[in-house]
Amino acid sequence: MVHLSLVITSFTHRAVSSNEPDALCLFRPPQGHDRGSKGSQNHRDYVHAILLEEAFKKCSKGKPFFGGDTISFLDVTLGCYLAWFKTVEKLCEHKFLDETKFPELVEWAERFLSADCAKEVTPEVQKIEEYITVIKGRWAAAASSS
């Protein structure tokens, strides 16, 4: 379980800690590549997604969530990023959770976001887009003033 938490943390760290607008599209593979060159950050992100898919299979043991039949700590840990992932997908025109590559994660994400407890607290993609627009404006202003 600790290993999975580290994968999730590593996988999402760049998106939430970068001060550069390009971080908004960090999951987009380089042009002409599906998963990046070996050793590149895109390749490492792709590998992390594979690890998440494998971890889900192992932890869930065929059940709907990481913890089994009900939403657990690990579901919430990854699930809180799903709206952000969907926003990045929309802005970057790249499917982050591709159902052909990560079918079990995609199904899990749909189940998680359909749960009443997740519906109540998950921000709308449009609201996140508005927030990102504000942040990008601030980055541009900061860059032009320095």
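Residues numbered from 1 in each chain as written. Predicted model: local features only at pLDDT ≥ 70, side-chain atom pairs only at ≥ 80, totals over all residues. Heavy atoms only, no water.

Asks: How would you summarise the pattern of salt bridges if you had to cite specific residues and measurements?
Replies: Working definition: two side chains of opposite charge can pair if their charged atoms are close together. Using the criterion set out here, one finds 3 salt bridges in the structure. Between Asp 69 and Lys 63 there is a salt bridge, with the nearest N and O atoms lying 3.3 Å from each other. On the basis of relative accessibility, which here comes to 51%, the residue Asp 69 falls in the exposed class. The class for Lys 63 is partly exposed, based on a relative accessible area of 38%. The salt bridge involving Glu 129 is made with Lys 90; its shortest N-O contact spans 3.0 Å. Of this pair, Glu 129 sits in helix H7 (residues 125-145) while Lys 90 sits in helix H4 (residues 82-92), and the two are 39 residues apart along the sequence. (Salt bridge = Lys/Arg side-chain N within 4 Å of Asp/Glu carboxyl O. Buried < 20%, exposed > 50% of the residue type's maximum accessible area, 1.4 Å probe, protein only. Helix = DSSP H or I, 4+ residues; strand = E, 2+ residues; numbered from the N terminus.)

Asks: Can you break down the confidence of the model for the protein residue by residue, with the values?
Replies: Predicted coordinates in regions of low pLDDT should not be interpreted in detail. Per-residue pLDDT for the protein averages 76, and the proportion of residues at 70 or more is 68%. Of all secondary-structure elements in the protein, the lowest mean pLDDT belongs to helix H1 (residues 2-17), at 50, while helix H5 (residues 103-114) reaches the highest, 95. This model gives residues 19-35 a pLDDT under 50, and the stretch forms 36 contacts once residues within four places in sequence are excluded. (pLDDT = per-residue confidence, 0-100. Contact = heavy atoms within 4.5 Å.)

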